[in-house]
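Descriptive structure summary
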Amino acid sequence: QVQLVESGGGLVQPGGSLRLSCAASGRTIATYAMAWFRQAPGKEREFVAAINWHGGSTYYRDSVKGRFTISRDNAQKSLYLQMHSLKPEDTAVYYCAISSNDGAPINIKAYDSWGQGTQVTVSS
């Protein structure tokens, strides 16, 4: 499968900003959508944001709307998440993923390939 590598995580104070990146390499696959999910300790992995690869339609969970922006580079198969006004509840490991089918972009089961994650910690 395709390999995904996330980067850009780190420690930031509440109200701060981070930009996450995800680079895809390896076997070429059909891409319908890419997304960011996150998982906090003891919690289930949850949807954060997704983007339709060709049309560019975006999807966000309610708690990040207006604060996070997802974008992609189709040619380079790269995914980004610009995060502003970060809150302690945003603390989690953030994962990028690719969907090679036409399932709902917000559905975790639509995604075929996953990165190893990058830690985001929001704390004073």
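Now for a quick tour of the structure. (Residues numbered from 1 in each chain as written. Predicted model: local features only at pLDDT ≥ 70, side-chain atom pairs only at ≥ 80, totals over all residues. Heavy atoms only, no water.)

**Here's the deal with the sheet that holds strand E8 (residues 78-83)**
One open sheet holds the 4 strands; their spatial order is E1-E3-E8-E7, and the pairing between them is antiparallel. The open sheet has two free edges, formed respectively by strand E1 (3-7) and strand E7 (68-73), since each of these has just one partner strand. On average, adjacent strands in this sheet sit at an angle of 15° to one another, irrespective of strand direction. Looking at chain direction, E1 and strand E3 (residues 18-25) are connected through 5 bridges and run antiparallel. Looking at the pairing, Glu 6 lines up with Cys 22 of E3. (Pairing = 2+ DSSP bridges. Helix = DSSP H or I, 4+ residues; strand = E, 2+ residues; numbered from the N terminus. Axes fitted to C-alpha atoms, helices over the stretch in contact; angles between N-to-C directions.)

**Digging into the side chain of Arg 38**
You can see Arg 38 is positioned in strand E4 (residues 33-39). A residue is classified by how much of its surface remains accessible, and Arg 38, at 4% relative accessible area, is buried. Within polar-contact distance, the side chain of Arg 38 engages the side chain of Glu 46 at 2.8 Å. (Buried < 20%, exposed > 50% of the residue type's maximum accessible area, 1.4 Å probe, protein only. Polar contact = N/O pair within 3.5 Å; in protein donor to acceptor, adjacent residues only side chain to side chain.)

**Quick notes on the state of the cysteines**
Put plainly, a disulfide is one covalent bond tying together the sulfur atoms of two cysteines. Following the criterion strictly, the structure yields 1 disulfide and no others. Sulfur-sulfur distance for the disulfide between Cys 22 and Cys 96 comes to 1.9 Å. Between Cys 22 and Cys 96, the S-S dihedral sits near 50°, and the bridge is therefore right-handed. Taken as a pair, Cys 22 in strand E3 and Cys 96 in strand E9 (residues 92-99) lie far apart in primary sequence, 74 residues in all. In this structure Cys 96 comes out as buried when scored by relative accessible area, which is 0%. (Disulfide = S-S within 2.5 Å.)

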